[in-house]
Amino acid sequence: MLRFIAKLLIFVVICIFSIQYWLERKSYLFDEEAVASIARKHVGTTDVKASFKKIIQTFRQRYPGHILPPEHIEWVFINAGGWMGSFCLLHASLTEYVLLFGTAVPTSGHSGRYWANISDTIVTGSFMQWKEGELSNVVYKPGDTVLHVWGDVAAVSWAEGTWMVEYGRGFIPSTLGFGLSDTIFSTQDFLTMYYVLRVYIRALLQETGFLWVDFKNVIKNAL
Ligand SMILES: *[C@@H]1O[C@H](CO)[C@@H](O)[C@H](O)[C@H]1NC(C)=O
């Protein structure tokens, strides 16, 4: 039994180091500034719905084939860390995601501690962040990009009508545990859980075609 646990532990540690090695060396489709600059064009909008429509169009033009098709663009509730929000996934793979996020009611709670860097560019509303170890908060406004580096933790609070564009880079499957935490242990809204998993799986399936192309290139270059 003890030997089994030791082997399992060694296996987990090797996995973590391999994934970390891969994350630090792989190339990425998106970057923080590219995503933020698309969001910033719509700062101060009075019609966030229309702005989001344009933002999705822009992403579709710049990253052809990597954005979910219109029939799979949907708003899904998310309950985690005590807060409740809604997100609309545009792109996701094992190492990146782009989504629209926000809330129509004031909400606050725990940010989550992730194995991913997350940046949020605010389009409307305000985002209050109270970082671990600090005795005061920082309030971010439309146009600002809020960084949440992997391993960091904060209390977060969003005002009513806060909407933003979010980019995540890291080991994305690891963020699902926190993302679904309150759905599993509090709201027990398993239909929402199904929607979350469904949209992530759809996005992953969309990327498998590109993975195959990458893989073929690697083989071709090696030969
Ligand atoms: C996350 O951010 C940290 C600090 O800026 C950086 O060192 C690290 O390489 C980033 N990780 C990824 C996967 O980009």
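Model, not experiment: these values are computed from the prediction.

Cut-off values and rules
Residues numbered from 1 in each chain as written. Predicted model: local features only at pLDDT ≥ 70, side-chain atom pairs only at ≥ 80, totals over all residues. Heavy atoms only, no water. Pairing = 2+ DSSP bridges. Helix = DSSP H or I, 4+ residues; strand = E, 2+ residues; numbered from the N terminus. Axes fitted to C-alpha atoms, helices over the stretch in contact; angles between N-to-C directions. Near = heavy atom within 4 Å. Polar contact = N/O pair within 3.5 Å; in protein donor to acceptor, adjacent residues only side chain to side chain. Areas by Shrake-Rupley, 256 points an atom, 1.4 Å probe, with all protein chains shown as cover. Nonpolar A, V, L, I, M, F, W, Y, C, P; charged D, E, K, R; others polar. Left-handed = near helix turned anticlockwise from the far one by under 90°. Contact = heavy atoms within 4.5 Å. Patch = residues over 30% accessible without salt bridge, like charges linked within 9 Å, V, L, I, M, F, W, Y side chains within 5 Å. Salt bridge = Lys/Arg side-chain N within 4 Å of Asp/Glu carboxyl O. Buried < 20%, exposed > 50% of the residue type's maximum accessible area, 1.4 Å probe, protein only.

(A) Quick peek at the sheet that holds strand β9 (residues 154–158). One open sheet accounts for four strands, arranged β4-β9-β6-β7; its pairing is antiparallel. Each edge of the open sheet is held by one strand with a lone partner, namely β4 (107–110) and β7 (138–140). Strand after strand, the sheet turns through a mean of 20° between neighbouring axes, direction not considered. Relative to β9, strand β6 (residues 127–131) is paired through five bridges, and the arrangement is antiparallel. The residue bridging M128 from the neighbouring strand is S157, located in β9.

(B) Structural detail: the site of the ligand. In the neighbourhood of the ligand, the contacting residues comprise Y28, N117, V149, W150 and R169. Here an oxygen atom of the ligand sits 2.2 Å away from a polar atom, N or O, in the side chain of N117. Here the ligand, which alone exposes 360 Å², has 56% of that area covered by the protein. Looking at the shell around the ligand residue by residue, the class counts come to three nonpolar, one polar and one charged.

(C) View of the packing of helix α2 (residues 32–40) against helix α3 (residues 48–62). Running from N to C, α2 and α3 cross one another at 140°; their axes reach a closest spacing of 10 Å. Crossing handedness for the pair α2 and α3: right-handed. Along its contact with α2, which presents V35, I38 and A39, the element α3 presents I55, T58, F59 and R62. Counted by class, the contact of α2 with α3 contains five nonpolar, one polar and one charged residues.

(D) Layout of the sheet that holds strand β8 (residues 145–148). Read across the open sheet, the six strands follow the order β1-β2-β3-β10-β5-β8; overall the sheet is antiparallel. The open sheet is flanked by β1 (75–80) and β8, the only strands paired with a single partner. Each adjacent strand pair in this sheet contributes to an overall mean axis angle of 30°, direction not counted. Of the pairings in the sheet, the one linking β1 to strand β2 (residues 83–92) comprises six bridges and is antiparallel in character.

(E) Quick look at a nonpolar patch on the surface. Side chains of M1, L2, F4, I5, L8, L9, F11, V12, V13, I16 and F17 sit close together on the surface and give an oily, nonpolar patch of about 1,200 Å² of accessible area. Looking at the secondary structure, you find L2 in helix α1 (residues 2–25). You can call L2 exposed: its relative accessible area is 72%.

The analysis is restricted to geometry; functional conclusions fall outside its scope.
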